[in-house]
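Descriptive analysis of the structure
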Amino acid sequence: MASENPFRSILKTLEKPDGGEFGNYYSLPALNDPRIDKLPYSIRILLESAIRNCDEFQVKSKDVEKILDWENTSPKQVEIPFKPARVLLQDFTGVPAVVDLACMRDAMNNLGGDSNMINPLVPVDLVIDHSVQVDVARSENAVQANMELEFQRNNERFAFLKWGSNAFDNMLVVPPGSGIVHQVNLEYLARVVFNTNGLLYPDSVVGTDSHTTMIDGLGVAGWGVGGIEAEATMLGQPMSMVLPGVVGFKLTGKLRDGMTATDLVLTVTQMLRKHGVVGKFVEFYGEGMRELSLADRATIANMSPEYGATMGFFPVDHVTLQYLKLTGRSDETVSMIEAYLRANKMFVDYSEPESKTVYSANLELNLEDVEPCISGPKRPHDRVPLKEMKADWHSCLDNRVGFKGFAVPKEAQSKAVEFNFNGTPAQLRHGDVVIAAITSCTNTSNPSVMLGAALVAKKACELGLEVKPWIKTSLAPGSGVVTKYLAKSGLQKYLNQLGFSVVGYGCTTCIGNSGDIHEAVASAIVDNDLVASAVLSGNRNFEGRVHPLTRANYLASPPLVVAYALAGTVDIDFETEPIGTGKDGKQIFFRDIWPSNKEVAEVVQASVLPDMFKATYEAITKGNSMWNELSVASGTLYEWDPKSTYIHEPPYFKGMTMSPPGPHGVKDAYCLLNFGDSITTDHISPAGSIHKDSPAAKYLMERGVDRRDFNSYGSRRGNDEIMARGTFANIRIVNKHLKGEVGPKTVHIPSGEKLSVFDAAMKYRNEGRDTIILAGAEYGSGSSRDWAAKGPMLLGVKAVISKSFERIHRSNLVGMGIIPLCFKTGEDAETLGLTGEELYTIELPNNVSEIKPGQDVTVITNNGKSFTSTLRFDTEVELAYFNHGGILQYVIRNLIKQ
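Thresholds, definitions, all that
- Residues numbered from 1 in each chain as written.
- Predicted model: local features only at pLDDT ≥ 70, side-chain atom pairs only at ≥ 80, totals over all residues.
- Heavy atoms only, no water.
- UniProt positions renumbered as here; feature names shortened; annotations may be inferred.
- Phe/Tyr/Trp six-rings, centres within 6.5 Å; stacked < 30°, edge-to-face > 60°.
- Helix = DSSP H or I, 4+ residues; strand = E, 2+ residues; numbered from the N terminus.
- Buried < 20%, exposed > 50% of the residue type's maximum accessible area, 1.4 Å probe, protein only.
- Lys NZ or Arg CZ within 6 Å of the ring centre and 35° of its normal.
- Pairing = 2+ DSSP bridges.
- Axes fitted to C-alpha atoms, helices over the stretch in contact; angles between N-to-C directions.
- Contact = heavy atoms within 4.5 Å.
- Domains from an automatic or database assignment.
- Buried area = accessible area lost by both parts, 1.4 Å probe.
- Salt bridge = Lys/Arg side-chain N within 4 Å of Asp/Glu carboxyl O.
- Polar contact = N/O pair within 3.5 Å; in protein donor to acceptor, adjacent residues only side chain to side chain.
- Nonpolar A, V, L, I, M, F, W, Y, C, P; charged D, E, K, R; others polar.
- Disulfide = S-S within 2.5 Å.
- Parallel < 35°, antiparallel > 145°, perpendicular 65-115°, else oblique.
- Left-handed = near helix turned anticlockwise from the far one by under 90°.

An unreviewed UniProt entry lists the protein under the name Aconitate hydratase, with Brassica oleracea var. oleracea as the source organism. Word for word, the UniProt comment on the protein under Function (unreviewed entry) is "Catalyzes the isomerization of citrate to isocitrate via cis-aconitate."

Re the packing of aromatic side chains
For the structure on display, the rule yields 28 aromatic pairs. On the numbers, 5.8 Å between centres and 20° between planes, the contact of Phe160 with Trp163 is stacked. Pair noted here: Phe160 and Trp163 are both in helix H5 (residues 142-167), with a separation of three residues, about one helical turn. Exposure class is identical for Phe160 and Trp163. Each is buried. When the ring of Phe284 is compared with that of Phe314, the centres are 4.4 Å apart and the planes differ by 5°; the resulting orientation is stacked. Here Phe284 is found in strand S13 (residues 281-285), whereas its partner Phe314 is found in the loop between strand S14 (311-313) and helix H11 (318-326), with 30 residues between them in sequence. An aromatic cluster of at least three residues, connected via ring pairs, comprises Phe160, Trp163, Phe168, Tyr638 and Trp640. Lying over the aromatic face of Phe589, Arg591 brings its terminal NZ or CZ to 4.5 Å of the ring centre.

Some details on the sheet that holds S13
Spatially, S14-S13-S12-S15 is the arrangement adopted by the four strands of the open sheet, whose pairing is parallel. Single-partner strands in this sheet number two, and they are S14 and strand S15 (361-366). Between one strand axis and the next, the sheet turns by 20° as a mean value, whatever way the strands run. Relative to S14, S13 is paired through three bridges, and the arrangement is parallel. Note on S14: the bridge partner recorded for Phe281 is Met311. Here helix H1 (residues 41-52) sits on the sheet in contact with strand S12 (246-252), S13 and S14, set at roughly 125° to S13.

Structural notes on the sheet that holds strand S4 (residues 86-90)
Spatially, S6-S5-S4-S9-S10 is the arrangement adopted by the five strands of the open sheet, whose pairing is parallel. Looking at the sheet topology across the chains shown, the edges are occupied by strand S6 (171-174) and strand S10 (221-224). Neighbour to neighbour, the strand axes of the sheet diverge by 20° on average, direction disregarded. Across three bridges, S4 lies against strand S9 (residues 204-207) in parallel orientation. Paired with Arg86 across the bridge in S9 is Val205.

A word on unusual backbone geometry
Pro377 follows Gly376 through a cis peptide bond whose omega is 10°. Structurally, the position occupied by Pro377 is in the loop between strand S16 (373-375) and strand S17 (383-385). With a phi close to 55°, Ala407 is a non-glycine residue in the positive phi region. Tracing the sequence through the fold places Ala407 in the loop between helix H13 (389-398) and strand S18 (417-421). One non-glycine residue, Asp529, adopts positive backbone phi at about 50°. Note on placement: Asp529 falls in the loop between helix H17 (519-527) and strand S22 (533-536). On the basis of relative accessibility, which here comes to 52%, the residue Asp529 falls in the exposed class.

Focus: the pairing of strand S2 (residues 21-26)
For a regular strand, side-chain orientation follows a simple rule: the groups alternate between the two sheet faces. Taken together, the five bridges between strand S1 (residues 11-15) and S2 define a ladder with antiparallel strand orientation. Bridged to Leu14 within S2 is Gly23. The antiparallel hairpin formed by S1 and S2 contains five residues in its connecting segment, where Gly19 sits at a positive phi of about 100°. As judged from the two bridges shared by S2 and strand S8 (residues 199-202), these two strands associate in the parallel manner. Each residue of the ladder has a partner; that of Tyr25, found in S8, is Leu200.

Remarks on the domain arrangement of the protein
Split into domains, the protein comes out as domain 1 (24-82), domain 2 (86-369), domain 3 (415-608) and domain 4 (666-897). A separation of 38 Å is found between the C-alpha centroids of domain 3 and domain 4. The interface of domain 3 with domain 4 comprises seven residues on the first partner and seven residues on the second. Surface buried jointly by domain 3 and domain 4 totals about 720 Å² across both partners, of which 46% is contributed by carbon and sulfur atoms. Counting every contact that joins domain 3 to domain 4 gives zero salt bridges. At the junction of domain 3 and domain 4, the tally comes to one residue pair in polar contact (both at pLDDT 80 or more). Of the residues that constitute the side of domain 3 that touches domain 4, the class distribution is two nonpolar, one polar and four charged.

Structural notes on the state of the cysteines
Throughout the structure, instances matching the rule amount to zero disulfides. No disulfide involves Cys396; its nearest neighbouring cysteine sulfur is the one of Cys373, lying 15 Å away. For Cys396, a relative accessible area of 1% puts it in the buried group.

Overview of the environment of Ala361
Its place among the elements puts Ala361 in strand S15. As a C-alpha pair, Ala361 and His275 span 86 residues in sequence and 9.6 Å in three-dimensional space. Residues in contact with Ala361, not counting those within four places in the same chain, are Val246, Val247, Gly248 and His275.

Structural notes on the packing of helix H4 (residues 91-110) against H5
Two numbers describe how H4 lies on H5: the axes approach to 10 Å, and their chain directions differ by 55°. Judged by the angle between their axes, H4 and H5 are oblique. For the crossing formed where H4 meets H5, the hand is left-handed. Between H4 and H5, the residues in contact are Asp91, Phe92, Gly94, Val95, Val98, Val99, Ala102 and Arg105 and Arg157, Phe158, Phe160, Leu161, Trp163, Gly164 and Ala167, respectively. Counted by class, the contact of H4 with H5 contains 10 nonpolar, two polar and three charged residues.

Topic: the packing of H4 against helix H30 (residues 887-897)
Put simply, H4 and H30 touch, their axes get as near as 11 Å, and they point 45° apart. Judged by the inter-axis angle, H4 sits oblique to H30. Considering the relative orientation of H4 and H30, their crossing is right-handed. Facing Asp100, Met104, Ala107 and Met108 of H4, the residues of H30 in contact are Leu888, Val891, Ile892, Leu895 and Ile896. In terms of residue class, the contact of H4 with H30 is made up of eight nonpolar, no polar and one charged.

Written out as structure tokens, the structure reads:
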């Protein structure tokens, strides 16, 4: 059982400079341990948490010693517990989390426990980061139109979240229309240092979106976890994690004129992907940090999932403090933050001698070497220098179909397709841009690139350049602050003139909410098999994510998005070819519209003011009229509506008893799906619009829902029936069972029938058969989505055997009771001669104490082949979850025992 904290002797008082006290804190220097000075700053946050939460039960003294001895223990993959200071939820992921909490209350009630014990024990910030539909962007008041549409479509979901904010303690719900969750977190929610009842400690956060890492740019340790893991953290359970290695990334010099934060982040992403940082922290340091704005740091930190790291961390320094003041944090708060972090050896002061920090590995980048670039056409880390873009594009047309290829025959590459656009003759070619979107949390929180884009628009308009009318343009800022500084600068009108009007504050094109392309354009693309392009300032460009008809999708800075929209094609050399013709008939080049760093800095200095942040976030506490008028039921137990197609009670706890079910193997299972490499959570998890011919559409129509009211999968994440039907429903998914055919189907092996994945899974279930999945490398990469694990579990998948897993997705599979296995190095289904048509048996001991993390397991097939794989339960705690049938069941049983 828990006991008194053995480190109480180092509890000290932090005094204010002018007298009085800020509060008490656990002092790292008071340990008098020379190893602390060598620890990376990110590891010091883990150390402080372990010391503060040490009770010799959930967190033990030996865990503190493991972290102190990080230099020696991290290479050994040791397990530590971590208790984050808070949890961040976004509404799409927050809805299923609140559904699960409501279900847990019911389960606790049914087992005779106190249902009110199911409450967040750490602060939960839930931002209703509503999705914005670009289709209504052309209306005069797009923001209001989008908000009305969202409330019309999602009234029930929003009401459920409002019920949750009242029913559960310690939960703050930020109403719709406030902004993208990660920007709201950066500008408003982040504490940097908590002061809870007089106890000071560093802010740290886990969130249900992989881009939670954006907050690392502010010196707050944060990363994405699955919804189920976040729920356990809310309920006071420590996160079990492997003590990570830390890659030190030294920055020197400063960016050359004309370079953007996006150019830098795409360069960093490529370097780190090449080095290999999966499961590691990356910590940035060096003299180049002096020149790197907080917004630029946040842009780099945001893309941690794209370079594969758990987080990309920027320790707090004078730049951080300046940003906190800019965003409206009080002088008293900033003073407390600085005093605490200095006292606890967590503040970087460049006037002091360089620290003795030791890293697991080191990389270095001179910022002067960064050059303009974009990434694509199908992956974020496939960086292309701007000067090489035209040549790279033609290589992609030539190359066989793959991440860098479309296999377009030479004779067809230059064809021009004639079509009629609203009565005007028009042309489309391979590489022509049909979507140009300034979007995503990655860039829309960065004033330099947002105002840079506006300056490009200003120069272009003054020179008489225009965007072709069939290109779908949009601007979705991360918060209302962006609108305020664009208005203050007087530049928004130029963005509007080019079609980049504000459509709302939320996720748009980067998550597939670009809406329909004009019918004439769509027909020209489909009928002529054109490789059309999208250019967006997002962080994900996996095929099928942005729009079904844009096979080439490039990530670019907001100014470059405007430039490519003006050019109308990615098949251009900006150095030698004109973007267009000006009003005087003169050719206009890229250099004619590109602003200097000095121009951008002057506009930022004059336009981005603290009062803008204060005014924007004061409105959050007041809510908006539509939110305030939502009527919700009272009561701590939710009243489930069996007719609801938005909120449905999932079956996770049906038949649950106080006795854990114990570990389970797999016997004579069929392979439901047989995959190659790089199957992302976009392929697995239901996302985007609901296709009219899909099992989810059939389910909705059977319940009287009209097609125009289908809404998106994201909006229906609170309904397990729909989400199960949308699992593996991605139109671009490649399943080897289909022998080259692409799409969301599979083969029912016994009968040979080609069925939707859901229908095949139900057929296996009705036959009493378990199923498994075979996969290649990086299975589950991309956004952290709990439905990428919940969906397969509901389909009856018992195990996934892959070459490697993305960190969060593997954890989510464990949390849902699915067995993760890895082929041995150098082996995969192909080298082992597996067709996927075999029956698979995985034998595990009946007693969990006989199973060890990372042990070898033999997989036996019915054709005489067998092979050894690695069991990817990585910690003892994960084995405990598996023994209980899942993480939520484990939490409920342990709460009742208390």
